[in-house]
Each structure stands twice: as structure tokens, then as C-alpha cells.
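Notes for the structure review
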Amino acid sequence: MKFTDGYWLMREGIQASYASEIAEARVDDGRLTLYAPVRRVEERGHTLNSPLLTVECWSPAEGVIGIRSTHHAGAAAHGPDFALRTDPDHTTKITRDGSLLELTSGELSLRVDTAAPWCLDFTSEGRVLTSAGSRGTGFALTGDGHHHSLAQLSLGVGELVYGLGERFTPFTRNGQTVDIWQADGGTASEQAYKNIPFHLTNRGYGVFVNHPGQVSYEIGSEAVGQVQFSVEDQALEYYVIHGPTPKDILDRYTALTGRPALPPAWSFGLWLSTSFTTSYDEETVNRFVRGMSERGIPLGVFHFDCFWMREYQWCDFTWDPDVFPDPEGMLRRLKDEQGLRVSVWINPYIGQKSPLFTEAMRHGYLVRRADGDVWQWDLWQAGMALVDFTNPEAREWYAGKLRGLVAQGVDCFKTDFGERIPTDVVWHDGSDPERMHNYYTQLYNETVFEVLSEARGAGEAVLFARSATAGGQQFPVHWGGDCESHFGAMAESLRGGLSLGLSGFGFWSHDIGGFEGTPTPEVFKRWVQFGLLSSHSRLHGSRSYRVPWDFDEEAVAVTRDFTRLKHRLMPYLFRAAQQAQERGTPVMRAMLLEFPQDPACHTLDRQYMLGDDLLVAPVFSADGAVDYYVPEGTWTHLLSGERVDGPGWRRERYGFDSLPLLARPGSVIPFGESDDSAVYDWGHGVTLRVHAPADGTVTVTQIPAVDGFAGATFRTRRDGDVIAVECENVGEGKRDRAPWQVLLVGIEATGERSEQTALGTLLTAAPGVTAVSAVLMEQA
């Protein structure tokens, strides 16, 4: 919130106090504690009738420095709290040189001059990254008696701010007011389903505010040279996280708050939904599944939305017997005969008509008001109540209902809602209602994810979740929520996904075609391309189906071709997924992540990198016109083989069979042999597309292992006019997995077993051969 009225005045009713100087500094066991009066103390009388802030400084892990500013320390501690993963073996260095104190963690240092006016300088390699200056640490009292702790960190010239969750407003946060407060606001407003109190900048650092309740940000919007954040509390704790690169920042942030789990390989296939309020039964489902098969569109997951249960009874976890009289048989047929996985919709609410309402109320499993009444309202479901996940028995009761569905054959759950959490309630464990409003989704999604992990085994659990808070990245996948069905909504969805990726989330999806309304055929076909070049891909709508033949025959072809392209890219995509699990780098990456040294990439929000090496620029126009930026080097269009030189902007026009999809200069993109499923032996018959590496470079390409199939590692080396590719781990038991192929794209070459293709020279390794080489003749 804003506390000042311009530069000179405070807002009416606001009394603000800021750390002014350091009265005393203590060093104890790797922790620096500063005692800061809020006025200049020139004589003893100034120590009376005036607050003293306690500011603790420490490092929980390398490259991370924590700051906790406290006014009154006697406030009772009510949960919930984020579960942070600190490094117990990490050591912090604190040095004193006269009045100068310095706390160092890795390449990040906090520098304080105890003889100067209050200032916390965060530095790296002698350069100040950001500072908490004269109004950087303090608190404010409002006229109605509320206490807000606040901090301000300086913004440098040209510094841009990103993140704070899945936000659909302009991509860079500068100039915005952002409230970290869960809301069901769709994708066309400033509200967000996934609110994360973490931001990073293009200056080499990020900041995580360790508060699960409401955090109010003023990002250059109150003081234009400052990022201000405040909480209604007696204390404020935040962590400055050093990079220096954006990837390094995400690595350290997700090490602190939790790494994303690795979703199962089958989840990367195409999902098809019944849509929301449409009329459907088993025959409708079978018609959709048959229609996809007859048109050659491989389908991986079928999703049943809300009305698989009876109206007014969400959730009772029981199939509507009038519509699905044999759910077990239906699920068995979908899985055994069609080879599909099955997803069903759930939410954490119990409607009053549900037979589970009385059961849950009797056992005390529902959230209550202070007078003991169950909290209820009529929005969404008539008389609905909330499951109290702070009650271990309620959590186990809810999990037991899900286990019954898993036993029937359900593979995953769409965990909808979790945002509209009231604050006029009492939680079983005594949690603070304001802090629980945002945090509720963590308990909800964790409960469901644990059920699937226990039932299906490690690496087989996956959600389709809408709400999240910090740490929610551990329970993928998340989707963008309710968007409209036009090009503008498609673009705002992409902005939200890129913002979420810069907030520590590795996997993200969206409703292909949009949710509200019905897209035009042009919108649908362009959204299909975008959706199938996302980490996860689902066809879903509100009041209309999203089967492609409802649009036109070209929509069928686009859906078929891009689904099959995604399947062939699975060895590449799953390696990107592993990087999300290992370091927190998202599969879909804002250009800033891959090109932090290129200022032109810092504001791009209509294109992205898919993994390390593929640039995707979705088309947001009916006529196929698209403007996009190409970073430095010679890039290669993956579908046509055309070479594109950067840096620079391009304006092009594409038919519905293509879009800007460019391979990075020197990249080696593995293409799997199969295109009819996301799950197969990705190493067998793999084709490595080599894109003109520079002389002297070595590129390592890892083919992940999946479902019992062994992986492989290839090393591509360019020495002068020779390109050599070796398979490093072809040993006993793996030789029969050849042949594999090397496609030299955009290069004229000669080599053993070579042939010319439309894209370039194809070299083939026979079974047992561990290396192929090509002699370059000329550059194409």
C-alpha cells in the first residue's frame, strides 16, 4: 500500500517511522544484529519515548542474505509459515573494518557503516546491486490502528522487475501496485490465482518476502526509484538472492522454497476435456476419443470436468449414476482399449447437498466461524463449506476419498479453486486467517499430490492446479485459469505463464482456444500451435467443446501435426523438464532467462524459449502476421530449414501450418523416432539435428531415460571442416538400440552413409556404431 503523499508528505492518518542510524551492532554466531532508532540520537534524552528497530541479518545458504526487521517482538506467532530449506553446512563470513561491517555469503555481501546514516548496501564484486536507504526499513501506523512493517530497495537506472507470480498485467512490473492476495479474477484483471512474494530484476538479484499472508508491493509506483513491500505485522522478513544470472537466481530461490517435482512423461501428451458446462456422457466421451483417433490425432489424457459428479453435490467424489452408470468399466475401457490416462476435476469445497457435508460437519472437518458455526456461502456451490486441511484428520478423510477414485482408475486430478478463502474464520490448528488465505492452496495441492505419489509411485504424480503460493512449484502442473477466447486473451495468458516461470514454477499450461466463449477458427488454430509448444497441452472450454473438427478441417490438421511434432520433441522436452527439477529453470522461458546480456530481450513477452534451444513466437493475428526478435547469430527454422540472422526484429506472415520456431545457433536438437505417443524409447532411432556449430565447440546432448528404457548421451564436436558425433554411453546391453541419425541442417557435407534431404545431410549410424563424422564442403 502507499504511505506517502508525493515526495514531502505522508498520507492522511499515516504515521511512518524509519530506521535512521545504528545505535549498536552485535555479531553472534554468524548473525549480525543492528539496533536502529528511528530518529537521530544526539543526546541521551533522544533515546526516550521513541521506537527502536531490531534488524537481524544472516545467511541461510550461499548467495542468500536474510533481513528481519522487528518493531515489537512480543506478538504471538501464529502460522502458517513457508517451509524453507536452509543449508546447515553453510558458513557466513562477517568482518569489521572500523565502522564498516560486512556480512558475506558467496559473492553476495551486505555492507553497513555504523557511523553513517542508515543504509544497507547489497553488493557483489564491488558493485552495489540494491540498497535499503533512508526510508528502506521501518513501519507505519494507520489512523485505524493497523501496524505495517515495510521495506524499500532501490532500483537502478534501467532496472526492470519481474515475477510476483502468474500476473497477466504488463510483463515488467515497474510502475505497478501488486497485492499478493489470492483471487479468482480470471486472466483479464490485476488479480491473480498464483501470488508469489518473490521478484527478480535484470540487475542480478531477486528478493523473497517470507510472509504467507498479504504482501503489498509498490514497484516504482510510490517512490519511482524504489521497490517497496509491506505487511500488516510487527516484523518483516525478506531474503536478497544473488545470481548473477536469472537462472542462478531461480536456482537459489527454488533451493530455498522447493524444487518442482518431475511430472510423468505421459502428462506431456495432449489432454482433451469434456469442457465445463457442456452436456456429456460416456457416448460423448467415446465420440470424442474415436474422432481424435480417426483423424490421426494422438491423445494422451482424457479429462472429466465438474459434471462427472451430480449438480449441487461438488464435491461428493461419486460419479453421477444417471450419466455414468458404470464408471469402473468406462475407465477400464478408456485405459485398456484406448491407451489413455484419465483426469477428473475436484475442488476443496463441500456443497451442502453433498452427503459428505453432514459427515464432515459431524467430525469437525469443515472450517468454522468464531461462534462455532460452519462457514458457508452460496457462491459456486449452494451452502458450500471448506475442508479444514489444518486438521490432520480432515486431511486424511479428504485423501481417503481421492484414494477411492485412484483405485477406480483415475490417474490425476485437476485441483481447481483454492483462492476464495475467508478470513472471518477459525482454523483447527489456530492459524492466522490472514496468513492462511494465501497458504490454503499449499495444503490442498500437497494433500492431493501426496495421494497420487503414494498410489502411483515416484515420478507418476501430476496435478492440473489453478492456485498456488510460494513453494507450490513442488506440485506441478499449473494452468493459467479462466481466459477469454480471443487473441488478446492468448497474449495475456502467455504473459502470465512467463511471469510464473520467473517465479520459480517449472511447468505451466493454459486452456487451448480459451475458456470463456468460443474461439474463431483462426484463434483456435493459432492457440493450438502455442498450446502444443507449451510444457503441457490441454484442449478445454466452458460452454463449448474444443474438439478441432468443430472449427474446420484445417484445425484438425494443425492439431494433428503439432501434437505429433511435440511427441517427436519429447527427448528434448523431457530434458528441459529435468532441468526444471534440478535447478528450477522453467521449461517455457522468458527470453531474459536465456539472453540476460541482450537488453532487447528484457521486455519481450510475446515470444519465449522452449528449453535451451528453441525460440517460439506464437502468432496473435488472424492474417498470420507476426513480429518477433531474433538474438545474435544464425538461427534455423525448425520446420522449413530457413536460416535467420540476428540480432534484429523480423516481420513475417505464416500460414496455419507454421509459425516462428527457430533452433539456436549451434544447437543439437534430438528428434524422437515416434510421433504417435509421448512415451516411447526416445533413444532408439533418435535423429540429432545439428545446426552449424562454431569451430571448436563441443555440445553434449542427453537423451533421458523413461519407463524402463535406457537413456543416451551424445557429444557433437566441430573441428575445422569436420563434425563428429559420438554416442558416449553405448555399452553392453545398449548396442541393439541403434540406429541413430545425425541431420546436418543448413550444411553441405560428405560422410559415410550420407544422403541429402530437404533440410540437409543425413548421416546414419548402424547398430553397434558409436560415432559418425561428416566433412564439411561449404556453408549453405
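Residues numbered from 1 in each chain as written. Predicted model: local features only at pLDDT ≥ 70, side-chain atom pairs only at ≥ 80, totals over all residues. Heavy atoms only, no water.

**Focus on the side chain of Gln-228**
Within the element layout of this structure, Gln-228 appears in strand β20 (residues 226-231). At 3.1 Å, the side chain of Gln-228 forms a polar contact with the backbone oxygen of Met-1. Excluding residues within four positions of it along the chain, Gln-228 makes contact with Met-1, Phe-3, Ala-151, Gln-152, Ser-216, Tyr-217, Glu-218 and Glu-222. (Helix = DSSP H or I, 4+ residues; strand = E, 2+ residues; numbered from the N terminus. Polar contact = N/O pair within 3.5 Å; in protein donor to acceptor, adjacent residues only side chain to side chain. Contact = heavy atoms within 4.5 Å.)

**Concerning the pairing of strand β14 (residues 147-154)**
For β14, the tally of buried residues reaches seven of eight residues, placing the bulk of the element in the interior. Inspection of the sheet shows strand β13 (residues 137-141) paired to β14 by five bridges, in the antiparallel sense. Residue pairing for β14: Gly-138 is matched across the bridge by Leu-150. From the end of β13 to the start of β14, which pair antiparallel, there are five residues, and Gly-145 there has a positive phi angle of about 90 degrees. (Buried < 20%, exposed > 50% of the residue type's maximum accessible area, 1.4 Å probe, protein only. Pairing = 2+ DSSP bridges.)

**Some details on the side chain of Ser-535**
Take Ser-535: it is sitting in the loop between α8 (521-532) and β31 (537-539). Within the local environment of Ser-535, its side chain forms a polar contact with the backbone nitrogen of Trp-508, the two atoms lying 3.1 Å apart. A polar contact of 2.9 Å, which involves the side chain of Ser-535, links it to the side chain of His-536.

**A few points about the pattern of salt bridges**
What the rule picks out here adds up to 50 salt bridges. Here Glu-460 makes a salt bridge to Arg-341, at a shortest N to O gap of 3.9 Å. Note that Glu-460 is positioned in the loop between α6 (433-456) and β28 (478-479) and Arg-341 in strand β24 (residues 341-346), a separation of 119 residues in sequence. For Arg-341, a relative accessible area of 26% gives the class partly exposed. Across the pair Lys-401 and Glu-359 runs a salt bridge, and its minimum N-O distance is 3.6 Å. (Salt bridge = Lys/Arg side-chain N within 4 Å of Asp/Glu carboxyl O.)

**Side note on the sheet that holds strand β17 (residues 195-201)**
Strand order in this open sheet of eight strands is β4-β5-β6-β7-β21-β18-β17-β15, and the pairing throughout is antiparallel. Each edge of the open sheet carries a strand with a single partner, namely β4 (24-28) and β15 (161-165). Taken pair by pair, the neighbouring strands of this sheet meet at an average axis angle of 20 degrees, ignoring direction. Bridge count for β4 against strand β5 (residues 31-37) is five bridges, and the pairing is antiparallel. Residue pairing in the sheet places Glu-24 in a bridge with Tyr-35 of β5. (Axes fitted to C-alpha atoms, helices over the stretch in contact; angles between N-to-C directions.)

**With respect to the packing of aromatic side chains**
Each pair of aromatic rings is reported with the distance of its centres and the angle of its planes. Going through the model one piece at a time under the given rule, you end up with 45 aromatic pairs. Ring geometry for Trp-58 and Tyr-239: centres 5.8 Å apart, planes at 80 degrees, overall edge-to-face. With Trp-58 in strand β6 (residues 52-61) and Tyr-239 in strand β21 (residues 235-242), this pair connects stretches of sequence that are 181 residues apart. Of the residues examined, Tyr-239 reaches a relative accessible area of 5% and is grouped as buried. (Phe/Tyr/Trp six-rings, centres within 6.5 Å; stacked < 30°, edge-to-face > 60°.)

**A closer look at unusual backbone geometry**
Both trends apply: most residues other than glycine have a negative phi, and most peptide bonds are in trans. The peptide bond linking Gly-243 to Pro-244 adopts the cis configuration, its omega dihedral lying at 15 degrees. Position of Pro-244 among the secondary structure elements: in the loop between β21 and α1 (246-257). Put simply, Pro-476 and Val-477 share a cis peptide bond, and its omega is 10 degrees. Take Val-477: it is sitting in the loop between α6 and β28.

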